[in-house]
Amino acid sequence: MSAAPILIVHASGTNRDGDAAQAIELAGGSPRIVHVNQLRRGEVTFADHAGVLIPGGFSYGDSLGAGQRLALELRLWFAQELSEVVTAGKPVLGICNGFQVLVKAGLLGAVSEHRLAPENRQVTLTDNARGRFECRWVTLRVEPAVRSTWLGPIRDTIIRCPVAHGEGRFVSADDSVSAELEAQGLVAFRYQDSGATPVFQPDSVRAAAGAYPANPNGSAADIAGICDHSGAVVGLMPHPEDHVLDWQRPNGDPGATGLPLFKAFVAAAR
Amino acid sequence: MPLRVTVTSHSDPQGEAIVSAAPLVGVRGLAQCRVSRVYHLDAAGPLGNDDVDRLCREVLVDPVVAEYSIGAALPAMGRAVEVAALPGVTDLDARELERAAQQLQIADLRVSTAVRYDLIGDLDDRAVAVITRRLLANDTIEQSHQGTLAPAFVAQADADCRVESVPLRGLSDSELQTLSSQRLLSLDTEEMRAIQRYFDDIGRSPTDAELETLAQTWSEHCVHKTFRAAIELTHTSADGRTTVTRHDGLLAALREVTEELDPWWLRSAFVDDAGIVAFDDRFDLAFKVETHNHPSALEPFGGANTGVGGVVRDILGVSARPIACTNVLCFGPVDLPAERLLAGVLHPRRIRDGVVAGIADYGNKLGLPTVNGAVVYDEGYIGNPLVYCGALGLLVNGSHPRAAQLGDRVVSIGGRVGRDGIHGATFSSATMDASTVDSVGAAVQIGDPITEKGCIEVVERACGLGLYNAITDCGAGGFSSAVGEMGEDLGVEIDLEGVRLKYSGLQPWEIWLSEAQERMVMAVPPDSLLALQQICDDWDVELTDLGSFSGSGKLVVRHGDTPVIDMSMDFLHNGLPRRELTATFIDPPSTAVESPRVDAEMLLGLLAHPDVASKEDIVRRYDHEVRAGTVVRPLVGRNADGPADAAVIKPLGTQHTPAAAVVSNGLCPRVGRHDPYAMALLALDEAVRNLVAVGGDPDRVALLDNFCWGDPTRSDRLGSLVRAVQGCTDGARRYAMPFISGKDSLFNEFEGRPVPPTLLISALGLVADLNRAIDSAGMSVGDDLWLVGRGSAALGGSVADALYGLGATDVPAPLDDPLPRYRAVHSAIAAGLVSAAHDCSDGGIAAAIAEMAIAARHGVAVEVPADGCDEFAALTNEGPGRLVLAAQRSDRDVLGQTLGVNGRRIGEVTANSRISLGVQGANGETIAAALVCVDVGDAVRAFTSSVAT
């Protein structure tokens, strides 16, 4: 069986497309980085691919708010294609800026089924609580109760990887939205405190409980990533694609890489 | 009448930051600050409220956290201040909103933006003015107003294309000099006379564009007049004897050593925008460090922002893919009392914060990991901060084409041209004073990293397909430098009419001269143009065909039918008279100093000194992980708060080899105050020992020099510069490491006060196997601690000297034969015998050992060899060539053999979380046990106490 073709969407200012492509390749997929302009001209289509990844970066410089401009383009130009991807159950993953784009496009975090309308947005990613871009390693747990089917094989898994963002604080419109996210299993990843032992040990991982720096940006309920109702669309702020090889880890025992996430993604894309 | 839209977020951390910064500028009464974004929409046609509403919902407003109002300004809460960029200054939000409106088919919009601050609290006019001036707006690029600010659009003047003729015939020397200063040409009388003669000979007056082109091409910034000058140095030694030496070009002296050494892995040095060395048999590495000092003094964010953009383009200029950034920053003390601030100078804190934000913005948005750097705080940088920006690139071996062909098109890709950035090269070739802001505001720019990112993508693909024969970046001087340089051999014919402008109304000389960031110029064969255009279209990059390489040997520029420039390339590039300069240097007298008492406070004081203390607050604002290849990070250890010695970078796409690149730096300007010759050798040694400490191979090191000096026409400044260059050339020979590129930034003076002579040495090396790379934190309890190298009794230029105000002037003696020790350390690390290593620099061995303890969160017990020093000097001296290594006890014998006479065992890693420092004699006998005893937790607190200041 040939490797699943994975579309990695590049808009001007995208910059972790190479990192994502490396992770997809290591996970057994066949990544293809395609600029939005080429998609728009129809030279390459979403339908040609078994999964879609929107990587990190600063699409259009994050002018007017992180991800806002690319979100608009997705809504204007690719609403139909994206909805077909989701209906077909193909996995869609947004990382960092890609997560911001999916949220702001309305593909993630909308409570109603009507997709891709800005009014539907009930959650957002906004300025970090400390008001600045920050780069540091964090620990994540894949939510045991996550609804996403393709995350199923890695439920409750620990991933260590860096965050690198200025607008990553997850906020819900109100308490009822937060409750709904939890009740429906839409929370996909939470920041964890990996403890103060000299060497990282999975057993000592516990909830970040909102405390900085384990929760690096002040996200509500330590939410680092979510999925949609269908379970096909997943987004997260941290960068699991930057921890897929052992030497990429600054310290600690082997393991807790982001590779299982990409393997699950590629497996679902087959 | 433009329509006004105001968007306010419920919780904007920027408002809180302003509230907490207000007391630092002396304002007590600010209780709350609400920040809103203002968008002025000016439509060519009708613009309905429905359209604006749609624009708000689709792109402007995040419905979860923000609300908006259309129409009149919101009623003021407290005191309102509005700030907007001056017309013509890059405004990316405005541009993106215009594009979004187009995509939504709403209207043909022109947008101008502003930020509104509602200041709430007990504030009088003066307080609001202070907050506005010191925290909210910078007059160099912004306008501000208490209350509602009218929208600022660039006036769209119809281009009335004018080329002015500037008569030179018959002007006296003093008239020529006046003309030079009035037009900001920064040319001296001799140079003006050469221009006068040339145009007398061809029988006409120069055009404005010709004069400006010559000034740019002949500027210190572009042609390095001082580094090419013949210099006579009178050197007076401490005993009063004088020797006179002649120096036939400082640059030539640096190049000569490189040619002498000529290692097999050197690909090119001093020929392009960046130096190139081999990475492996498939790839090469390009490395360059630039300075952006003058712009950063006036507009810290924009200056540093475009500094990163500039050095990244240097890497693109050798057809390499940029893969990492570095920066070294020198500021005045951030706690400088307001009354000691010079007029016309921004406060060091504001400069520091703006510079860091500017670097973070550009590097992060380009997707480049910023992985190595240093920060120095010294009163000598109050008027002139120094901003060194470096970049590393990767290219396929031999893929960089260098020869434009007859008939090739002169093609520009990237950003549009505006009036911003005119006179950048000449401005940086002059000293500054309080009026500089007014005269050169246009030289300061805000960057557009996303446009540059597009250029990176295009150049990588165009190079891969062989679509161009030569490439260079548009730096200071814009087209005039880039095209002038590229066409030197063949000559070029250019038409400026097709150049894409940010706004109309630019005169031909402005189009030709404007630096306007984010542009590259290429020599493209006519039959490759279409393919290049397609790549540019794919990546949202604009391309302009400017003209052709003509074969005439002339620089000919037109604007449509209007002639703008017609001069010989030979005069442009070879007509500059060589400078004859005199230099003096007097060795400082030796001073005996009395050593302070050694105690725990000493160690805590060293750790809290701004130059030693944690830079975490800065480092974390830079993405140091993007491109998935950072092996040794700037912060190391379990809590990622220990300082790393050097960065190890595994380039993305080189998984076929375990090799990785190492980048490090060394600088010691405090030594330079006393002895610039020693400074050069000590800075070089610091860069090398940092590099070796992480596992870098000392036999594969390439160096960059970056000189930041005062006015070189003053003989004492020039004397110390010559001495520093001598240190570099002697150092390159002793260490057998070639310089592959460099940069000088002279005229760093404010009202007659020069910066301390500051030489940055950057080193690029390799680790053969990234799995053997180590950091300063990897040690375990029970490991032996070893010292490589011997100490020095000289405390001149040390952090201890600054901390205690000792007034020492004797500086440590440079090493005569450094390579054996570094090779020994390298073999030990490459053999896997070393668990952690850290170099001894700022704060001496005391700080080095404490930093290792902090990084590892382990205790250490050490007795440092006195090596003829008293206890204080033994612990704090910053002599060269010293590293602390940690290694397993079981490897004691083999490590001892590997290090030989270079290594001595000085203690061990302990389980008790205390840093214990003593001093031992020549035979290992204890002279003073546990002189310093500090809990690791207290050391962490001292080290991080100033993190947020």
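Residues numbered from 1 in each chain as written. Chains lettered and ligands numbered in written order. Predicted model: local features only at pLDDT ≥ 70, side-chain atom pairs only at ≥ 80, totals over all residues. Heavy atoms only, no water.

Enquirer: Outline the overall build of chain B, supporting the account with residue identities and numerical values.
Expert: Of regular secondary structure, chain B possesses 31 helices and 39 strands. For 949 residues, the compact-globule estimate of 2.2 N^0.38 gives 30 Å, and the C-alpha radius of gyration of chain B, at 29 Å, lies within 12% of that figure. Here the C-alpha coordinates of chain B stretch approximately 85 × 70 × 55 Å along the principal axes. Relative to its full complement of 949 residues, chain B shows a buried share of 64%. Taking as baseline every contact in chain B between residues at least 6 positions apart, the subset at least 24 positions apart corresponds to 83%. In the structure as shown, chain B presents an accessible area of about 31,700 Å², 48% of it carried by carbon and sulfur atoms. (Helix = DSSP H or I, 4+ residues; strand = E, 2+ residues; numbered from the N terminus. Rg over C-alpha atoms; globule rule 2.2 N^0.38 Å. Buried < 20%, exposed > 50% of the residue type's maximum accessible area, 1.4 Å probe, protein only. Contact = heavy atoms within 4.5 Å. Areas by Shrake-Rupley, 256 points an atom, 1.4 Å probe, with all protein chains shown as cover.)

Enquirer: Any details on the domain arrangement of chain B? Residues and values, ideally.
Expert: The domain boundaries assigned to chain B delineate domain 1 (3–146), domain 2 (182–218 + 401–578) and domain 3 (600–728 + 752–944). The straight-line distance from the C-alpha centre of domain 2 of chain B to that of domain 3 of chain B is 43 Å. (Domains from an automatic or database assignment.)

Enquirer: Mind laying out the interface of chain B and chain A, listing which residues take part and the relevant values?
Expert: How big an interface is tends to be stated in terms of the accessible area lost upon association of its parts. Facing the 54 residues of chain B at the interface are 64 residues of chain A. For the pair chain B and chain A, the summed buried surface comes to about 4,800 Å²; carbon and sulfur atoms form 51% of the total. Scanning the region where chain B abuts chain A turns up 7 salt bridges. Put simply, Arg16(A) and Asp623(B) hold a salt bridge, and the shortest N to O gap is 2.7 Å. Counting every contact that joins chain B to chain A gives 27 residue pairs in polar contact (both at pLDDT 80 or more). Those elements that provide at least two residues to the side of chain B that touches chain A are helix 2 (49–60), helix 3 (92–103), helix 13 (348–366), helix 16 (449–464), helix 19 (529–538), helix 22 (616–619) and strand 23 (630–632) of chain B. In terms of residue class, the side of chain B that touches chain A is built from 21 nonpolar, 10 polar and 23 charged. (Buried area = accessible area lost by both parts, 1.4 Å probe. Salt bridge = Lys/Arg side-chain N within 4 Å of Asp/Glu carboxyl O. Polar contact = N/O pair within 3.5 Å; in protein donor to acceptor, adjacent residues only side chain to side chain. Nonpolar A, V, L, I, M, F, W, Y, C, P; charged D, E, K, R; others polar.)

Enquirer: Which residues make up unusual backbone geometry, and what values go with them?
Expert: Note that the residue after Tyr212(A), namely Pro213(A), is joined by a cis bond; omega there is 5 degrees. Notably, Ser186(B) is not glycine yet its phi reads approximately 55 degrees, a positive angle. Within the fold, Ser186(B) resides in the loop between helix 5 (173–182) and helix 6 (189–202). Taking the relative accessible area as the measure of exposure, Ser186(B) reaches 26% and is therefore partly exposed. Phi angles above zero are rare outside glycine, and Asp262(B) is one such case at about 35 degrees. Tracing the backbone shows Asp262(B) in the loop between helix 10 (250–261) and strand 9 (266–268).

Enquirer: Give a detailed account of the packing of helix 12 (residues 300–316) of chain B against helix 16 of chain B, specifying residues and quantitative values.
Expert: Residues and elements named next belong to chain B. Helix 16 packs onto helix 12 with a crossing angle of 10 degrees between their chain directions and a minimal axis gap of 11 Å. By the angle class used here, helix 12 and helix 16 are roughly parallel. On helix 16, the residues touching Gly309, Val312, Arg313 and Leu316 of helix 12 are Glu452, Cys455, Ile456 and Val459. (Axes fitted to C-alpha atoms, helices over the stretch in contact; angles between N-to-C directions. Parallel < 35°, antiparallel > 145°, perpendicular 65-115°, else oblique.)

Enquirer: Describe the sheet that holds strand 8 (residues 242–248) of chain B, with residues and values.
Expert: Residues and elements named next belong to chain B. Across the sheet, which stays open at both edges, the 3 strands sit in the order 8-7-22 with mixed pairing between neighbours. Two strands close off the open sheet at either side, each with one partner strand: strand 8 and strand 22 (580–586). This sheet shows a mean twist of 20 degrees between the axes of neighbouring strands, independent of strand direction. Bridging between strand 7 (residues 230–236) and strand 22 involves 7 bridges; their strand directions are parallel. From the neighbouring strand, Thr236 faces strand 22, where its bridge partner is Ile586. Helix 25 (residues 715–735) contacts strand 7, strand 8 and strand 22 of the sheet and is inclined by roughly 80 degrees relative to strand 22. (Pairing = 2+ DSSP bridges.)

Enquirer: With reference to specific residues and values, describe the environment of Glu191(B).
Expert: Residues and elements named next belong to chain B. With respect to the secondary-structure elements, Glu191 resides in helix 6. For the pair formed by Glu191 and Pro577, sequence separation is 386 residues and the distance between their alpha carbons is 6.3 Å. The residues contacting Glu191, other than those within four sequence positions of it, are Ser186, Trp218, Lys225, Leu576, Pro577 and Arg579.

Enquirer: Give me the side chain of His347(B): which residues, what numbers.
Expert: Residues and elements named next belong to chain B. Along the chain, the position of His347 falls in the loop between strand 12 (321–331) and helix 13. There is a polar contact of 3.0 Å between the side chain of His347 and the backbone nitrogen of Arg349. In this view, His347 contacts Arg134, Pro333, Val334, Leu336 and Leu341; residues no more than four positions away in its chain are not counted.

Enquirer: Any chance you could break down the nonpolar core for me, citing the residues and the numbers?
Expert: In terms of nonpolar packing, the biggest core is built from 192 residues, with Leu53(A), Phe189(A), Leu285(B) and Phe707(B) touching the most fellow members. The dominant element in this core, judged by the number of residues it contributes, is helix 24 (residues 676–693) of chain B, at 11 residues. In this structure, Leu285(B) is in contact with Gly275(B), Ile276(B), Val277(B), Phe279(B), Ile323(B), Leu392(B), Gly393(B), Leu394(B), Leu395(B), Ala661(B), Leu764(B) and Leu766(B), ignoring residues within four places of it in sequence. The next biggest cluster of nonpolar side chains, apart from the first, holds 53 residues, and it includes Ala286(B), Leu346(B), Ala360(B) and Ala391(B). (Core = buried A, V, L, I, M, F, W, Y, C linked by side-chain atoms within 4.5 Å.)

Enquirer: Summarise the packing of helix 3 (residues 68–87) of chain A against helix 2 of chain B; cite the residues concerned and give the values.
Expert: The N-to-C vectors of helix 3 of chain A and helix 2 of chain B enclose an angle of 110 degrees; their axes lie 9 Å apart at closest approach. Classified by the angle between their axes, helix 3 of chain A and helix 2 of chain B sit roughly perpendicular to one another. Where helix 3 of chain A abuts helix 2 of chain B, its residues Gln68(A), Leu72(A) and Arg75(A) lie against Glu58(B), Val59(B) and Leu60(B). The residue makeup of the contact of helix 3 of chain A with helix 2 of chain B, split by class, is 3 nonpolar, 1 polar and 2 charged.

Enquirer: Report on helix 19 of chain B, specifying residues and quantitative values.
Expert: What helix 19 of chain B keeps buried is the set Leu529(B), Leu532(B), Ile535(B), Cys536(B) and Asp538(B). Contacts made by the buried residues of helix 19 of chain B are with strand 2 (30–35) and helix 2 (36–40) of chain A together with strand 15 (409–414), helix 16, strand 18 (519–524) and strand 19 (543–549) of chain B. Immediately beyond the C-terminal end of helix 19 of chain B, within one or two residues, lies Asp540(B), with a positive phi of roughly 55 degrees.

Enquirer: Got a sec to walk through the environment of Asp801(B)? Specific residues and values, please.
Expert: Residues and elements named next belong to chain B. With respect to the helices and strands, Asp801 occurs in helix 26 (residues 799–804). Overall, Asp801 belongs to the buried group, its relative accessible area being 11%. Taking C-alpha positions, Asp801 is 43 Å from Cys33, a pair spaced 768 residues apart along the chain. Ignoring sequence-local partners within four residues, the contact set of Asp801 consists of Leu795, Leu806, Gly807 and Ala808. Among the polar contacts made by the side chain of Asp801, one reaches the main-chain amide nitrogen of Ala808 at a distance of 2.8 Å.

Enquirer: Describe the sheet that holds strand 28 (residues 702–708) of chain B, listing the residues and the values that go with them.
Expert: All names here are of chain B. Read from one edge of the open sheet, 6 strands run 23-26-27-32-28-29, paired in mixed fashion. What marks the edges here is a single partner per strand, and that holds for strand 23 and strand 29 (739–745). For this sheet, the mean inter-axis angle between neighbouring strands, taken without regard to orientation, is 20 degrees. Sheet strands touched by helix 25: strand 28, strand 29 and strand 32 (758–767). Its angle to strand 28, the strand with the most contacts, is close to 175 degrees.

Enquirer: Describe in detail the environment of Leu635(B), supporting the description with residues and values.
Expert: All names here are of chain B. Residue placement: Leu635 occurs in strand 24 (residues 635–636). Here the alpha-carbon distance between Leu635 and Leu185, two residues 450 residues apart in the chain, equals 45 Å. Those residues in contact with Leu635 that sit more than four places away from it in its chain are Glu616, Val619, Arg620, Ala640, Asp641 and Gly642.

Enquirer: Would you mind going over the packing of aromatic side chains in detail, with residue names and values included?
Expert: Inspection of every chain in the model, using the stated rule, returns 12 aromatic pairs over all chains. Here the aromatic rings of Trp150(A) and Phe265(A) are separated by 5.3 Å at their centres, their planes lie at 75 degrees, and the arrangement is edge-to-face. Of the two residues, Trp150(A) is situated in the loop between strand 6 (134–142) and strand 7 (158–165) and Phe265(A) in helix 6 (residues 259–268); the sequence distance between them amounts to 115 residues. Residue Trp150(A) is classed as buried on the basis of its relative accessible area of 5%. Taken together, a centroid distance of 6.4 Å and an interplanar angle of 40 degrees make the contact between Phe479(B) and Trp512(B) tilted. (Phe/Tyr/Trp six-rings, centres within 6.5 Å; stacked < 30°, edge-to-face > 60°.)

Enquirer: Let's hear about helix 4 (residues 125–136) of chain B: which residues, and what values?
Expert: Turning to helix 4 of chain B, its buried residues are Ala127(B), Val128(B), Val130(B), Ile131(B), Thr132(B), Arg134(B) and Leu136(B). Contacts from the buried residues of helix 4 of chain B go to helix 1 (13–21), strand 2 (30–43), strand 4 (79–85), strand 5 (109–121), strand 6 (142–146) and helix 13 of chain B.

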